[in-house]
Structures are given as C-alpha cells and as structure tokens.
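The chain contents come next:
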2 protein chains.
Amino acid sequence: MKKYNFNAGPSILPNVALEAAAKAIIDFDGTGLSLLSISHRTKEFEGVLEEAKSLFKELLNIPDNYSIYFVGGGASTQFFHIPANFLKTKAGYVNTGVWSKKAIKEAKYYGEVEIIASSEDRNFTYIPKGFDIPSDIDYLYICSNNTIYGTEYKTDLDSPVPLIADMSSDILSRPVDVSKYAMIYGGAQKNLAPAGVTFVIIRNDMLERVVRPLPTMVNVNTHVANNSMFNTPCSMPRSTATASSAAPSRRRTAR
Amino acid sequence: MKKYNFNAGPSILPNVALEAAAKAIIDFDGTGLSLLSISHRTKEFEGVLEEAKSLFKELLNIPDNYSIYFVGGGASTQFFHIPANFLKTKAGYVNTGVWSKKAIKEAKYYGEVEIIASSEDRNFTYIPKGFDIPSDIDYLYICSNNTIYGTEYKTDLDSPVPLIADMSSDILSRPVDVSKYAMIYGGAQKNLAPAGVTFVIIRNDMLERVVRPLPTMVNVNTHVANNSMFNTPCSMPRSTATASSAAPSRRRTAR
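What counts, and where the lines are drawn
- Residues numbered from 1 in each chain as written.
- Chains lettered and ligands numbered in written order.
- Predicted model: local features only at pLDDT ≥ 70, side-chain atom pairs only at ≥ 80, totals over all residues.
- Heavy atoms only, no water.
- Least-squares fit on C-alpha atoms with pLDDT ≥ 70 in both.
- Contact = heavy atoms within 4.5 Å.
- Helix = DSSP H or I, 4+ residues; strand = E, 2+ residues; numbered from the N terminus.
- Buried < 20%, exposed > 50% of the residue type's maximum accessible area, 1.4 Å probe, protein only.
- Pairing = 2+ DSSP bridges.
- Axes fitted to C-alpha atoms, helices over the stretch in contact; angles between N-to-C directions.
- Phe/Tyr/Trp six-rings, centres within 6.5 Å; stacked < 30°, edge-to-face > 60°.
- Lys NZ or Arg CZ within 6 Å of the ring centre and 35° of its normal.

S.K.: Please explain the relation of the copies chain A and chain B as it appears in this structure.
M.R.: There are two copies of the chain, and a rotation about an axis plus a shift along that axis relates them. The two copies are related by a screw operation: chain A maps onto chain B through 180° of rotation and 0.0 Å of translation along the axis, at an RMSD of 0.0 Å. Here the copies are linked by what is in effect a two-fold axis. In terms of C-alpha distance to the rotation axis, chain A has alanine 22 of chain A as its closest residue, with the C-alpha 2.1 Å off the axis. Same-surface contact between copies: 100% of interface residues of chain A are shared with the interface of chain B.

Structure follows, in structure tokens:
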C-alpha cells in the first residue's frame, strides 16, 4: 500500500516519476551510465533539460516571449535575486504572510519597499483585494499561495507595472495567465520535482531591465543566455513538469 | 560490464552509492516514502545530513573549530559569496587558470583584488611557488586543483592571512591539513556526490568576520546557524562523503 505524506514539505511525486528516477540513477536511458555520472554537456542531459522545459511550457501555456530556466538556491535565493536585478528605486510588495515578509526583508537590501496591501490586520487570513497599484514602482511582488494561512490568489492580477509572483506552492495547480506576469518563480519541490531546483519563467523584456552590475550567478541574463547551464545544474530536473496530477502528458516521461 | 565516463564533468559514483540512492528514491530506509518526498524537517532527513557531515569530518580530519554546511548554487555561487562576506578592502588571489579567473572576476564586484602570484605567463602549466603573501589583504584565495591544465597544489600553504581554497576537483583525493585553511569549499559533483550540492568547511572565527550587511542566503552565518537547512536543501546529500574510493567507512552508508 502506498503511503502518503500530508505534512508540510515536498510533494509526493507520482510513482512513474520515482521509478524513472530510480532507474536513471542506475542506468540512464540505456547509456550504461548513471544520470548522476554523466556530464551536463552531453546530448543526453540536454535532452532531459529540453523535455522539462517543453513540458513546462505546454502545461502552463507559457507564451513564446518568455524564457524558462532552472537554477539552484531555492525561492529564498530568488528573494534577493529579484530586487538585485529589478529594484532601482522603489518596489511594491503585497504582504500576505511569512513568505512575503521574507521577500520584503531581502528587498530592503537593495532599495525602498512600499507595502501596497497587507492582510496582517487579520493574521493573514485573506488575500487583499481592490488595492491600487502605483505606476511609479519598479515592480509589484506577490506570493500567490500562502502555506500556513491557506490563502491563495484565485485569479491573476492586472498590473500596470511588472508583476512578479512566487508560485512555489501552487504552480500547476490551476491554469495561470502567464502573460499577466513579468516573472513567475518558485522552489520546484512543492509541486514539480525533487528539492534543489528553482524554476524561473521570465518575460524576455525583463532581461534588459537589470538595474545594476551584478555577480554572474545573480544576474538573470546569465541563466537565460546559458540555458540553465552556466554551471553544473542539479542532477534531477527529469521529473520537472511530470508531477502535476493534472498533467496530460506526463506519461511521456514515464521511462 | 560497468561503463566508466572519463569525460570532464561529474565523477562516477560507486555502485553502492548509486544503488542506495535508487533504493531511497523508492523507499527510504523502510519509511515507505521516497527520500524525495519527505520533509527536511524530519528525523530521517536530519539523520542523512548528520551522517554526511560526520563522515566528511572523519575522512578529512576536520578539526572541531570548523563548521560544515551544504548549500546549493555550485562553486560559481561561492565565487561571489566569498568576497561578499570577507572582502572589505583588498583580497589576494593566485591566478592558476580559468577557475581562479572566474573567482577573481566576481571578487571585483566587492573590492580590490591583488594578484599575488600567477602562472599565466606559461599558460597555467605550473603552480606558482615561493611567493610572498602580504599581511594587509583580507584573505588569500587559491584553486587547489586546476582541471584543463592538470596542475595541483601538492601541499598546503602557510598563510599569514585567512586562506580560502576551492577544492572542487581534488577534495578527498589526498589528506589535507584543514587547520591551515580558513575556508575550503567546492561543488560536490566532482568527488563527493551528485551535482547540486556545494560543500563549505569554515573555521568558526570567520563567522564573526563578515564585512558587510548581506542578503540572508549570501551570509555564511545563515547556513551555519541553520545547519544547512535555512531553506529546503537538495534531496540527495546521502552519498556525500561516500564516494571517495579511499573512504574507509563508506560501507556504513551502503544500504
């Protein structure tokens, strides 16, 4: 009998993904080598990466003017990468709980943070609605699903400024109008893949809006220009985009 | 017949490690759950982490006044984390090739870099020796083994300032006098574990020498204080410290 883990933490991956991962660790796609022991500069690994990107694009209906990349460090790393890249003067944040607060804390290292709306007055039990979004902020940042409180944006906001969303815990759980966002990102371990991979979906015009010189690994351009392979990527993006129970095409990766 | 991969890239892990990893992906230590699906906030995962640290400490004879942590992002991320934490005015770098150059490039975002010695004059075909180490630099940085050129420091330098070494590609291949280093780090994928994990060994007094306010994930204190678990760690440190063919105690993890 299969056991399920309903605790906080990583998602239960489907058996087809676990079995494919276990097999790939011993012998990856008949190469006679472990997936863990092949270079990322091989056509075999490139195939893994391209399939993950392609399935992600298909499942989330990601428009052609967006780039997708996978990187390490978790959402906690994106909390500072985002303001490092895009906060020139002032950014707007909606405070819906612990994950927003963490992002707000990191943004303050780079510039002014304006709290555009907050549900702290009622212990984060709701998602603020009907707030005005100023046009003089560099971007608006939201956390689309708030574990701990159980609140979620059910629809995609219209924003006059670039909208950036942490979707770590609800990505692929509902259709999203990606075109309304400048950037969507999250830790992959909740809904997509094993821990260790962060996904980033970024509208290509954002790549030209980086506001300061940045270390190579912090600059969003590095990861797009190098197709997630500026440095050695995590070993196991294979199950990315296969774990959603709604995924119509997940059988494609069931090997 | 087992195939070996002699290309650049990740190490071949021993069969015992691959088999243990494959098994843990289906059923981790009899829990009925995949290692990929359990929370890092469980005693099972904490056991994995503590065993990896303990074996690493034993194999490399790491003194008690050092902390060990595992983090994502690869050595490329450490290239900027190191100067971000420790470069106040001027740091010294030994230029022994492409990996040193990458580290030097990132350090320049944070302060002055003095090239203490270089082998660029003969295309990096040797390791500079007998150079003077000034006492007014914040730290001295070396890359202990230089893939591409095949050069390696065979002994541990004596340095009057904190010595920091990238040992990505020779860690655990020879005994190291850890006490001569302020920090040793590297990508785990060459000699220790699957890709996606970076190891850091840091002398505890360095934790009080952080020179500027830093985003949480960049500050070395975050990872030590939270025992590598400030955020969700990569799924698979289990084979860390089991892959060295010289590892006397690797059988302990062969399950």
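S.K.: Just checking my understanding: could you explain the environment of proline 128 of chain B for this structure?
M.R.: Residues and elements named next belong to chain B. Position of proline 128 relative to the elements: it lies in the loop between β3 (112-118) and β4 (140-143). Taking the relative accessible area as the measure of exposure, proline 128 reaches 8% and is therefore buried. Taking C-alpha positions, proline 128 is 37 Å from cysteine 234, a pair spaced 106 residues apart along the chain. In contact with proline 128, other than residues within four places in its own chain, are Val94, Thr96, Ala117, Ser118 and Ser119.

S.K.: Even after reading the chapter, I still don't get the sheet that holds strand β8 (residues 183-187) of chain A, so can you show me in this structure?
M.R.: In any sheet, the strands associate via hydrogen bonds between backbone groups, in a parallel or an antiparallel arrangement. All names here are of chain A. Pairing is mixed across the open sheet formed by 7 strands, whose spatial order is β1-β9-β8-β7-β4-β2-β3. Taken across any chain shown, the strands that pair with only one partner, and hence form the sheet edges, are β1 (66-71) and β3 (112-118). Across the sheet, the axes of successive neighbouring strands diverge by a mean angle of 20°, strand direction being ignored. In the sheet, strand β7 (residues 163-166) pairs with β8 via 3 bridges, with the strands oriented parallel. Each bridged residue has a counterpart across the sheet, and for isoleucine 164 the counterpart in β8 is methionine 183. Its contacts with the sheet put helix α2 (residues 43-60) on β1 and β9 (198-203), and the angle it makes with β1 is roughly 130°. Packed onto the sheet, helix α3 (residues 74-86) meets β1, β2 (90-95), β4 (140-143), β7, β8 and β9 and runs at close to 155° relative to β8.

S.K.: Would you explain the packing of aromatic side chains in this entry?
M.R.: To describe a pair of aromatic rings, you give the distance between the ring centres and the angle between the ring planes. Counting across every chain of the model gives 12 aromatic pairs over all chains. Taken together, a centroid distance of 5.3 Å and an interplanar angle of 90° make the contact between phenylalanine 56 of chain B and phenylalanine 199 of chain B edge-to-face. Placement of the pair is phenylalanine 56 of chain B in helix α2 (residues 43-60) and phenylalanine 199 of chain B in strand β9 (residues 198-203), with a sequence separation of 143 residues. As far as burial versus exposure is concerned, phenylalanine 56 of chain B and phenylalanine 199 of chain B are alike and both buried. Of the aromatic side chains, those joined through ring pairs into one cluster are Tyr93, Tyr139, Tyr141 and Tyr185 of chain A. The residue whose ring lies beneath arginine 122 of chain A is tyrosine 126 of chain A, and the NZ or CZ to ring-centre distance is 4.3 Å.

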